Amino acid sequence: MKRFILSIAALGLCFTLGAQSIRPEVDIKFQTHFLNDEFDVSNCELNPSGTLAAVRLAPYAGISIGEHHKVKVGMDVVKDFGIGTEKPIVDLACWYQYNNEGFTFAAGVLPFGLMSGYYSTAVFSDAARFYDAHLDGFLLKWERELSHYEIALDWCGKYGEDRREEFYFLSSGAGWITPWLGFCWEGVFHHLACSENAAGVFDDHFLHPYIRFEFSRLLPMDRMELSLGGMVGYQMDRMQNLRYIPKGADAVVDIRKWGFGVRNQFYYGESQAPLYDKTTVGSALYFRAPWWQIRKDGQAGLYDRLDAYWVKSIGKYVDVGVHAVFHFDYLGFMGCQQLVQANFSLEGLFSGKR
């Protein structure tokens, strides 16, 4: 009887799939990234100097079933420049994806590229954003003409001998009340626990709600943005009973015309990484840029980041960008970065999305 029921179920699945169109689909992403950090002028007090130079290739292939379902497999390969014959970083992926009228659900090991929300360096540093290619978990996303919301779970650490249990929830959203006024947020709920050989449980939670004004539709500019927001965190080392609730506020101005732009983010408040030098895990607790320590003495202070940049789309598939980034705190100039990147993306090959 059990075999009969399974046979009927399998036959029904075959009829269901047969009634829908099944198409192959291929995505190819290529990225070259060069980031040079020069912070010796501040004795590398908050952030060490260094250079990130690498190339990424991410091919994915799968099938689309009907109008809404996809199953894909692939990999992300990162090769740092200058390491000779050393092995590249290879991260495998396999996921299911459902799309319907602006709603997306994905489960498995899936690319961060499926997410479309905005996350600042207060959530992900430049290095974390580049090297972490996939999230192991789930993604829910809603997109409408004047709104976008998403939440994702990444289970990035399985309890083991020397590997700590670790997971985090990630979320962003933007709801536009008018074409020039939106209510937005970004946030992360991060939990880092113990391993067999290492004790300690840590929490790093962060929320950044902000109001965004976009005046480019009213003025002859590609972008003219003003954002005003607040930041609040919850940081805890449970073993040492260290608890912090850091608070602050930021303002962002971003102006762009013909691909040339200037962006300035000003923050005043408490450290959004207060456990950076006070725990056994150190910087491993934080994905955000070390600049968000603000001050080593634990006092409230300011952080200002000024970007001068040029970005350009070359055809339908290629984007290039050049950035000069300058960092300031209460002591003045802290250092600068130079960033050059080129991205090639070919999505939905064979599916009619080209």
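Asker: Hey, could you run me through a nonpolar patch on the surface in this one?
Answerer: A surface patch of nonpolar side chains, about 420 Å² in accessible area, is lined by Trp142, Tyr149, Ile151, Phe169 and Phe189. Mapping Phe169 onto the fold places it in strand 8 (residues 166-178). Owing to a relative accessible area of 34%, Phe169 belongs among the partly exposed residues under this scheme.

Asker: Can you help me understand the nonpolar core in this one?
Answerer: Soluble globular proteins: nonpolar side chains tend toward being buried together. Core analysis: the biggest nonpolar cluster contains 31 residues, and Met115, Phe124, Leu170 and Trp292 have the highest contact counts within it. Put simply, the parts of the chain that give this core at least two residues each are strand 2 (50-65), strand 4 (89-100), strand 5 (103-111), strand 6 (134-144) and strand 8. Not counting the four nearest positions on each side in its chain, Phe124 is found in contact with Phe112, Tyr119, Arg129, Tyr168, Leu170, Phe287 and Arg288. Phe202, Ala273, Leu275 and Tyr276 belong to the second largest nonpolar core, which has 8 residues in total.

Asker: Hey, could you run me through the packing of aromatic side chains in this one?
Answerer: Given two aromatic rings, one states the distance between the centres and the angle between the planes to describe the pair. Taken as a whole and assessed by the stated rule, the structure comprises 24 aromatic pairs. Ring centres of Phe328 and Phe333 lie 5.6 Å apart, and the angle between their planes is 55 degrees; this geometry places the pair in the tilted category. Here a set of aromatic residues connected by ring pairs shows up, and it is made of Phe39, Tyr267, Trp291, Trp292 and Tyr303. The aromatic ring of Phe206 is capped on one face by Arg288, whose charged end is 5.1 Å from the ring centroid. Here Arg295 stacks its cationic end above the ring of Tyr330, 3.9 Å away from the centre of that ring.

Asker: What is the right way to look at the pairing of strand 10 (residues 202-214) in this model?
Answerer: Judged from the 12 bridges that link them, strand 9 (residues 181-192) and strand 10 form a sheet pairing that is antiparallel. Each residue of the ladder has a partner; that of Val188, found in strand 10, is Phe206. Looking at chain direction, strand 10 and strand 11 (residues 223-237) are connected through 11 bridges and run antiparallel. Each bridged residue has a counterpart across the sheet, and for Leu207 the counterpart in strand 11 is Val232.

Asker: Looking at this structure, I do not really get unusual backbone geometry. What am I missing?
Answerer: Within the chain, Asn241 stands out as a residue other than glycine whose phi angle is a positive 55 degrees. For Asn241, the position within the fold is in the loop between strand 11 and strand 12 (242-244). Here Asn241 falls in the exposed class, since its relative accessible area comes to 55%. The residue Trp258 is not glycine, and still its phi comes out positive at about 55 degrees.

Asker: I keep staring at the environment of Tyr131 and nothing clicks. Help me out?
Answerer: You can see Tyr131 is positioned in helix 2 (residues 126-131). For Tyr131, a relative accessible area of 31% corresponds to the partly exposed category. In this structure, the C-alpha to C-alpha distance between Tyr131 and Val77, residues 54 residues apart in sequence, is 9.7 Å. In contact with Tyr131, other than residues within four places in its own chain, are Leu52, Ala54, Arg56, Val78, Asp80 and Ile89. Looking at Tyr131, its side chain comes within polar contact range of the side chain of Asp80, at 2.5 Å.

Reading guide: rules and limits
- Residues numbered from 1 in each chain as written.
- Predicted model: local features only at pLDDT ≥ 70, side-chain atom pairs only at ≥ 80, totals over all residues.
- Heavy atoms only, no water.
- Patch = residues over 30% accessible without salt bridge, like charges linked within 9 Å, V, L, I, M, F, W, Y side chains within 5 Å.
- Areas by Shrake-Rupley, 256 points an atom, 1.4 Å probe, with all protein chains shown as cover.
- Salt bridge = Lys/Arg side-chain N within 4 Å of Asp/Glu carboxyl O.
- Helix = DSSP H or I, 4+ residues; strand = E, 2+ residues; numbered from the N terminus.
- Buried < 20%, exposed > 50% of the residue type's maximum accessible area, 1.4 Å probe, protein only.
- Core = buried A, V, L, I, M, F, W, Y, C linked by side-chain atoms within 4.5 Å.
- Contact = heavy atoms within 4.5 Å.
- Phe/Tyr/Trp six-rings, centres within 6.5 Å; stacked < 30°, edge-to-face > 60°.
- Lys NZ or Arg CZ within 6 Å of the ring centre and 35° of its normal.
- Pairing = 2+ DSSP bridges.
- Polar contact = N/O pair within 3.5 Å; in protein donor to acceptor, adjacent residues only side chain to side chain.

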